Amino acid sequence: MIGVWAVELGLFVLVVAALLAERPIAVGLTVAAIGILLLAARTSPRLWGWVATAFRTHRAAALAGAAVLALALPFFLRASPYWTFVATMALIYVTIGQGLNVQMGTAGVINLAGAAFAGLGGYTVGLLTVRLGFAPWLAFAIGPLVAMVVGALLFIPILKVRGHYLALVTIAFGFIFNILMNNLEFTGGPQGIKNIPTLRLFGHAFTTAPTLFGVTLPSHANFYYAALAMAALVTWLAWRLYNSWVGLTLNTLRDDEIAAKCSGVSVTRHKLLAFSIGNLFVGLAGAFYAVMVGFVSPPDFDFGYSLVMLSVVILGGLDSIPGVVLGACLLIPLPERFRMLHEYRLLLYGAAIVLMLLFRPRGLWPAGVRRYGLGSPAGSFGAAGTRAEGVGVSR
Amino acid sequence: MLEVRGVSTRYGQISMLRNVSITLGEGEIACLLGPNGAGKTTLIRTILGIVRPVTGSILFRGERIDGLTTDQIVKRGIGVVPEGRRIFPKMTAEENLRMGAFAQWGTTEVAGRLEQIFDRFPRLRERRRQIAATMSGGEQAMLAIGRALMGRPRLLLLDEPSLGLSPLLVEQIFEMIQAINRQGTTVFLVEQNARKTLALAHHGYLLQKGEIVGAGTAAELGESDIVRHAYLRA
Ligand SMILES: Nc1ncnc2c1ncn2[C@@H]1O[C@H](COP(=O)(O)OP(=O)(O)OP(=O)(O)O)[C@@H](O)[C@H]1O
Ligand SMILES: [Mg+2]
């Protein structure tokens with residue numbers, strides 16, 4: 001248990017050092033140290049075996065340790081609002097990644113319009129608060145629902161067709177969304193919607209710098225903690241879904257639709273379910289983004305970001321819940337750290353996707369095999385709870 | 001149990017099945033023989049609602065099922081081993097089997113049924129956590145049959161379950177089908193192996209170019225000239 005925490009703490013220190021280091025040499029050294037450590041762990045089966053076993057047997061401790069470190073991160077980054085912001089973006093992408101993963105990883109429903117669905121969430125918040133005077137929290141709650149409902153309504157007829165068509169249609173949808181936002185009067189055209197009011201919690205505005213334990217953090221820390229809560233909640237939901245009978249049923253759509261039908265699965269209904277859950281998560285992240293930065297405009301939701309979202313899922317590992325977390329935490333901060341890479345961001349993501357698909361198609365952290373055992377907690381999910389006989393995990 | 005009445009289907013402009021009628025009584029093993037491309041798989045797909053009949057009707061246990069969706073049809077108690085087996089490749093053996101009981105999910109029976117399938121196919125128990133795509137052809141065949149049985153079907157449709165298997169395994173599969181039938185499941189078997197199939201079935205049909213050209217008890221079919229020349233080379 002101590003070992004697990006030591007590993008986590010060591011990685012944490014290195015990552016923070018890498019983020020905050022000023023001189024290129026220091027950055028290079030810390031990044032190299034992380035790389036060498038990971039490589040050493042991977043190439044030495046004994047070391048890797050030890051780490052893997054330790055984390056598997058002390059799963060709760062590992063999660064608790066990670067939670068503590070995630071909560072502590074803003075204190076270490078307090079000198080830099082910028083890095084606090086980047087860390088928050090990574091958490092937003094965790095949320096998005098879990099959503100896309102339900103669609104593409106679990107159910108095999110390709111969605112190349114992630115940015116547009118995030119945009120639906122974000123623009124809904126902007127329109128409702130700025131144009132119609134809704135309370136921020138209410139608008140924030142409605143945003144994700146709009147993304148989900150619009151997605152469901154538009155795509156019911158298309159979900160019946162297979163694979164590549166859906167990819168094309170979602171690409172088209174992404175572009176249409178952008179063109180509309182650029183040209184419609186009431187969405188503010190290219191300028192977008194400005195001055196989206198921020199959220200308040202117990203009278204505390206999210207734009208006010210918080211003071212915790214006598215330490216004043218940058219105001220972005222508010223959003224960091226909120227994003228952490230959001231990402232944790234969505235990841236937990238995704239995990240429950242993955243291990244429930246719904247997750248397994250969605251897997252059959254990915255594997256073989258005809259066989260799924262022959263087992264009694266209603267293919268269209270379940271595709272719609274996966275698509276809707278995914279868009280709900282993605283829309284939530286978009287709504288969060290809107291209240292965080294305070295404005296939305298068409299370039300925030302263009303096709304390039306859909307590709308970034310796709311890369312997060314593919315890099316982490318399709319259908320892998322922890323993989324998505326890892327993918328987002330790697331792909332979002334890296335180009336920010338290496339500014340020279342920033343210009344080639346999309347190229348980098350494209351290359352990452354191609355390399356992954358070629359050499360490690362199951363991702364950096366591949367999905368594990370579900371275990372079914374006697375006495376396992378019955379995996380249940382929402383209304384489906386009563387049907388969840390024995391599809392739990394016990395590890 | 002199952003009645004197909006004057007069913008015709010077409011793929012686009014090309015008409016495939018023409019006025020096909022078959023009847024399966026409860027507890028029987030019926031077989032469907034026919035050369036490649038005769039339309040055997042098409043008939044199975046039509047019963048399952050994957051292909052829609054242009055004319056005719058299909059009754060299962062006295063109720064019309066043509067017009068229902070595939071998932072509604074199988075939930076009435078039909079288990080399927082589709083052509084090419086179509087196991088779920090990226091899922092484990094156990095997950096494949098569990099999906100077979102999809103319609104009854106939530107009953108506490110699933111675990112018990114799983115044990116029964118494992119008793120029937122001990123090989124699958126050993127490999128329950130293996131990804132299905134990595135299993136051998138024989139194991140995949142067992143998995144497909146096991147999956148179909150998990151739903152405790154009243155009627156089992158098998159489309160060439162023995163394809164590509166060694167003679168020993170074919171023998172086992174046929175014995176298995178017989179055992180399943182003895183426990184009360186009606187079986188509709190599509191096969192190329194006419195000799196073995198006729199030894200197993202109670203009665204059967206002969207399909208050629210989309211039309212039923214022969215029907216009768218297994219003995220009658222085995223004696224018929226078409227079957228003898230085309231299949232038994234006797
Ligand atoms: N989706 C389709 N579109 C057009 N033609 C099709 C389609 N599916 C099958 N066919 C054609 O229908 C005919 C019958 O096919 P079917 O699969 O039913 O044959 P079969 O009797 O099962 O043959 P086999 O013993 O080789 O499996 C074939 O000529 C095939 O090419
Ligand atoms: Mg066939």
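Residues numbered from 1 in each chain as written. Chains lettered and ligands numbered in written order. Predicted model: local features only at pLDDT ≥ 70, side-chain atom pairs only at ≥ 80, totals over all residues. Heavy atoms only, no water.

Novice: I'd love a proper account of the coordination of the magnesium ion (ligand 2), names of residues and values included.
Specialist: Residues and elements named next belong to chain B. In this structure, Thr 41 (OG1) and Glu 83 (OE) serve as the protein donors to the magnesium ion (ligand 2), at separations of 1.9 to 2.2 Å. Note that Thr 41 is positioned in helix H1 (residues 40–47) and Glu 83 in the loop between strand E8 (78–81) and helix H3 (93–100), a separation of 42 residues in sequence. Classification of Thr 41 by relative accessible area gives buried; the value is 18%. You can call Glu 83 partly exposed: its relative accessible area is 41%. (Donors = N, O, S within 2.8 Å, 3.2 Å for Na, K, Ca; no water. Helix = DSSP H or I, 4+ residues; strand = E, 2+ residues; numbered from the N terminus. Buried < 20%, exposed > 50% of the residue type's maximum accessible area, 1.4 Å probe, protein only.)

Novice: Explain the interface of chain B and chain A to me, using residue names and the numbers behind them.
Specialist: Tallying the contact residues gives 30 residues for chain B and 27 residues for chain A. In total, about 2600 Å² of surface goes out of reach between chain B and chain A, with carbon and sulfur atoms giving 62% of it. For the chain B face of the interface with chain A, the top three residues by lost area are B:Phe102, B:Trp105 and B:Arg129, together amounting to 25%. Where chain B packs against chain A, one counts one salt bridge. One salt bridge in this structure joins A:Asp256 and B:Arg86, with 2.7 Å as the shortest N-O distance. (Contact = heavy atoms within 4.5 Å. Buried area = accessible area lost by both parts, 1.4 Å probe. Salt bridge = Lys/Arg side-chain N within 4 Å of Asp/Glu carboxyl O.)

Novice: Break down the side chain of A:Ser263 for me, with residues and values.
Specialist: Within the fold, A:Ser263 resides in the loop between helix H11 (257–262) and helix H12 (267–293). Contact partners of A:Ser263, with chain neighbours within four places excluded, come to B:Val74, B:Phe88, B:Met99, B:Phe102, B:Ala103 and B:Arg147.

Novice: Please provide a residue-by-residue account of the site of ligand 1, values included.
Specialist: Residue and element names in this part refer to chain B. Near ligand 1 you find 13 residues, and of these Asn 36, Lys 40, Thr 41, Thr 42 and Glu 83 are the closest. Side-chain polar atom of Tyr 11 to a nitrogen atom of ligand 1: 3.4 Å apart, as the coordinates give it. Within the side chain of Gln 192, a nitrogen or oxygen atom sits 2.9 Å from an oxygen atom of ligand 1. Bound to the protein, ligand 1 loses 59% of the 630 Å² it would expose on its own. It is H1 that provides the largest number of residues to the shell around ligand 1, a total of three residues. For the shell around ligand 1, the per-class residue count stands at four nonpolar, six polar and three charged. (Near = heavy atom within 4 Å. Polar contact = N/O pair within 3.5 Å; in protein donor to acceptor, adjacent residues only side chain to side chain. Areas by Shrake-Rupley, 256 points an atom, 1.4 Å probe, with all protein chains shown as cover. Nonpolar A, V, L, I, M, F, W, Y, C, P; charged D, E, K, R; others polar.)

Novice: Give me the lowdown on the domain arrangement of chain B, citing residues and values where you can.
Specialist: Residue and element names in this part refer to chain B. The domain architecture assigned to chain B consists of domain 1 (2–77 + 153–231) and domain 2 (89–150). Placing the centre of domain 1 and that of domain 2 at their C-alpha centroids yields a distance of 24 Å. Taken together, the two surfaces of domain 1 and domain 2 that pack against each other cover about 930 Å², and 82% of this comes from carbon and sulfur. For the domain 1 face of the interface with domain 2, the top three residues by lost area are Lys 75, Met 176 and Ile 180, together amounting to 39%. Along the contact surface separating domain 1 from domain 2 lie zero salt bridges. Joining domain 1 to domain 2, the criterion identifies one residue pair in polar contact (both at pLDDT 80 or more). Put simply, the parts of the chain that give the side of domain 1 that touches domain 2 at least two residues each are strand E9 (155–159) and helix H7 (167–182). If one sorts the elements of the side of domain 1 that touches domain 2 by residue count, H7 sits on top with five residues. (Domains from an automatic or database assignment.)

Novice: So what's going on with the sheet that holds E9(B)? Which residues, and what values?
Specialist: Residues and elements named next belong to chain B. Taken in spatial order, the six strands line up as E8-E9-E10-E5-E11-E12 in an open sheet, and their pairing is mixed. Every interior strand has two partners, whereas the edge strands, E8 and strand E12 (211–217), have only one. Taken pair by pair, the neighbouring strands of this sheet meet at an average axis angle of 15 degrees, ignoring direction. Pairing of strand E11 (residues 203–208) with E12 involves six bridges; the strand directions are antiparallel. Within E12, the position partnered with Tyr 205 by the bridge is Ala 215. Running at roughly 155 degrees to strand E10 (residues 186–190), H7 makes contact with strand E5 (29–33), E9 and E10 of the sheet. (Pairing = 2+ DSSP bridges. Axes fitted to C-alpha atoms, helices over the stretch in contact; angles between N-to-C directions.)

Novice: Can you break down a nonpolar patch on the surface residue by residue, with the values?
Specialist: Residues and elements named next belong to chain A. On the surface, Leu 330, Leu 334, Leu 364 and Trp 365 cluster together into a nonpolar patch covering about 340 Å² of accessible area. Within the secondary structure, Leu 330 is located in helix H14 (residues 321–331). The exposure class of Leu 330 is partly exposed, given its relative accessible area of 33%. (Patch = residues over 30% accessible without salt bridge, like charges linked within 9 Å, V, L, I, M, F, W, Y side chains within 5 Å.)

Novice: Can you tell me about unusual backbone geometry, naming the residues and giving the values?
Specialist: The backbone of A:Asn195 sits at a positive phi, close to 60 degrees, despite the residue not being glycine. Considering the arrangement of structural elements, one finds A:Asn195 in the loop between helix H8 (163–183) and strand E1 (200–201). Of the residues examined, A:Asn195 reaches a relative accessible area of 69% and is grouped as exposed. Phi angles above zero are rare outside glycine, and B:Arg61 is one such case at about 50 degrees. Its place among the elements puts B:Arg61 in the loop between strand E6 (55–60) and strand E7 (63–64).

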